[in-house]
Amino acid sequence: MTGGTELISEDAGRGAGRLDRPPPPGAYIDLPESFGRRFAIFVDTEEEFDWSKPPTRDQHGTSAAESLPKVHRRLREAGVQPAYLIDWPIASDLRCVATLRDYVEGGECAVGTQLHPWVNPPFDEELSRINSFAGNLPEALERAKLLRLTAKIEEGFGRRPIVYRAGRYGVGPNTARLLAEAGYEADASVRPLHDYSREGGPDFSGFEPRPFRVGGLVELPLTVAYTGRLRRLGRPLYGRAGRVPRARGVLARAGLLSRIALTPEGMPLAEAKEAAERLLGDGLRLFSISFHSPSVEPGHTPYVRDEADLASFYRWWDGMFDLFARHGVEPASLEEILAATRAAACVGAPEAGARP
């Protein structure tokens, strides 16, 4: 399956044992037919901060977590067991922990880790944009922050997290190995088709939205796809268009090429449904949807600024759940996904432009 998520055909530059480079062809996982077609939801459970400003150590809040029960009920009514990926400010706030702990103890969700290095001790690095990607930190410091956060979550929830996401998707050359050493089984940091290298972050433009193995981990990438009449040229054309002011917007408005991530944040429902339909046609078995927890309360993210945006946020979920129901795509828990990957074979990535 490619469906426009074109890959580098050569092995050069591929990252065996790394999360910041495309995996070797044989690392992609062919989920068994018995798994069916499933979807999972990962919640970046984090503090509120000003997205338009550089990261700070202390200018943030955690009040939005108190609104999580409303969205949790909506997800549970749809049969979803979300994975809450918790960062240091949330894990350190007793009210936030209490809000989520009953769900964890009742088996209604999974608890994972999200590392925002700028608010996660130890604070031995300079506060900067490039250091906001945890994978750019010295290995010893990335390890120390990860272990401190892991222990904090285990202390608050009574169980050790096994799934990780780097804040800002900021994995680096050491991340996979450090996660495996710390007992993690899965990572969910890869955002295919996106390139954060201009900011000093990783380049995921050569990744597919399919699970793959990296060292002792399973990578569960977010679901992203190219849509439009020129989607088969997605990767090279989208990359070139990014070097021309407003070119990507022109391509999208003309219906030629868009990059669509499955998230209710900034992605119109109609476009998300189009991307999901295309990926279903291409044979994708696992859809990974994500959002930031502060979006459940107006005023904390660029995506939900007021009550009208919040209503649209909930309509997005209703629309996607309806689409998945029509196609027989059922929710999957983290445990079910990991069990399926253990039973699955790895297959080579198809050649660029190949049809399923």
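Quick caveat: nothing in here was measured; it's all calculated off a predicted structure. (Residues numbered from 1 in each chain as written. Predicted model: local features only at pLDDT ≥ 70, side-chain atom pairs only at ≥ 80, totals over all residues. Heavy atoms only, no water.)

Enquirer: Before we go on, may I ask you to explain the overall build of the protein chain in this structure?
Expert: The number of helices and strands found in the protein chain is 10 helices and 13 strands. Restricting the contact set of the protein chain to residue pairs at least 6 apart, pairs at least 24 apart contribute 77%. Carbon and sulfur atoms make up 49% of the accessible area of the protein chain, which amounts to about 14,400 Å² in all. Of the charged side chains in the protein chain, 45 are positive and 49 negative; the average position of the first set lies 5 Å away from that of the second. (Helix = DSSP H or I, 4+ residues; strand = E, 2+ residues; numbered from the N terminus. Contact = heavy atoms within 4.5 Å. Areas by Shrake-Rupley, 256 points an atom, 1.4 Å probe, with all protein chains shown as cover. Lys, Arg positive; Asp, Glu negative; His and termini not counted. Charge placed at Lys NZ, Arg CZ, Asp CG, Glu CD.)

Enquirer: Just checking my understanding: could you explain the packing of aromatic side chains for this structure?
Expert: Geometry of an aromatic ring pair is reported as the spacing of the ring centres plus the angle between the planes. The final tally for this structure, using the stated rule, is 19 aromatic pairs. Considering the side-chain rings of Tyr 196 and Phe 204, the 6.4 Å spacing of their centres and the 75° angle between planes classify their relative orientation as edge-to-face. Look at Tyr 196 and you get buried, because its relative accessible area is 13%. Between the aromatic rings of Phe 313 and Tyr 314, the centroid separation amounts to 5.5 Å while the plane-to-plane angle is 85°, which identifies the pairing as edge-to-face. Taking the relative accessible area as the measure of exposure, Phe 313 reaches 2% and is therefore buried. The ring of Phe 35 is capped by Arg 38, whose NZ or CZ atom sits 5.1 Å from the centre of that ring. (Phe/Tyr/Trp six-rings, centres within 6.5 Å; stacked < 30°, edge-to-face > 60°. Buried < 20%, exposed > 50% of the residue type's maximum accessible area, 1.4 Å probe, protein only. Lys NZ or Arg CZ within 6 Å of the ring centre and 35° of its normal.)

Enquirer: Hey, could you run me through the nonpolar core in this one?
Expert: One broad trend across soluble globular proteins is that nonpolar side chains are buried collectively. Within the largest apolar cluster, 82 residues are counted, with the highest numbers of intra-cluster contacts made by Phe 39, Ile 41, Ile 86, Phe 287, Phe 313 and Trp 317. The dominant element in this core, judged by the number of residues it contributes, is helix α9 (residues 307-326), at 9 residues. Apart from residues no more than four positions distant in its own chain, Ile 86 is found in contact with Thr 45, Ala 91, Leu 100, Val 111, Gly 112, Thr 113, Gln 114, Leu 149, Ile 153 and Phe 157. In this structure, Phe 35, Leu 85, Ala 186 and Ala 340 belong to the second largest nonpolar core, which totals 20 residues. (Core = buried A, V, L, I, M, F, W, Y, C linked by side-chain atoms within 4.5 Å.)

Enquirer: Explanation requested: helix α10 (residues 334-343) in the structure shown.
Expert: When α10 is considered as a whole, its buried residues turn out to be Leu 334, Ile 337, Leu 338, Ala 340 and Thr 341. An end-on view of α10 places all buried positions within 160° of arc, on one side of the element. In α10, those exposed residues whose orientation departs by more than 90 degrees from the buried face are Glu 335, Arg 342 and Ala 343. (Arc of directions from axis to C-beta.)

Enquirer: Explain the confidence of the model for the protein chain to me, please; I cannot follow it from the model alone.
Expert: The predicted structure's coordinates, where accompanied by low pLDDT, should not be read in detail. Mean pLDDT for the protein chain: 92, with 92% of residues reaching 70 or above. Scored below 50 in pLDDT, residues 1-13 shows 58 contacts in the model against residues more than four places distant or in partner chains. This model gives residues 349-356 a pLDDT under 50, and the stretch forms 22 contacts once residues within four places in sequence are excluded. (pLDDT = per-residue confidence, 0-100.)

Enquirer: What is the right way to read the side chain of Thr 113 from this model?
Expert: Relative to the elements of secondary structure, Thr 113 occurs in strand β4 (residues 110-115). Among the polar contacts listed, one links the side chain of Thr 113 to the side chain of Tyr 184, at a separation of 2.7 Å. (Polar contact = N/O pair within 3.5 Å; in protein donor to acceptor, adjacent residues only side chain to side chain.)

Enquirer: Quick question: what am I supposed to make of helix α8 (residues 269-281) here?
Expert: Side chains that are three or four residues apart share a direction in an α-helix, a result of its 3.6 residues per turn. Here α8 contains 13 residues, and its C-alpha end-to-end distance of 18 Å stays within 8% of the 18 Å for a straight helix at 1.5 Å per residue. Within α8, the full set of buried residues consists of Ala 272, Ala 275, Ala 276, Arg 278, Leu 279 and Leu 280. Structurally, α8 contributes buried residues whose contacts are with β9 (224-227), β10 (258-261), β11 (286-292) and α9. Positioned one or two residues after α8, Gly 283 has a phi angle of 95°, which is positive. (Expected span 1.5 Å × (residues − 1).)

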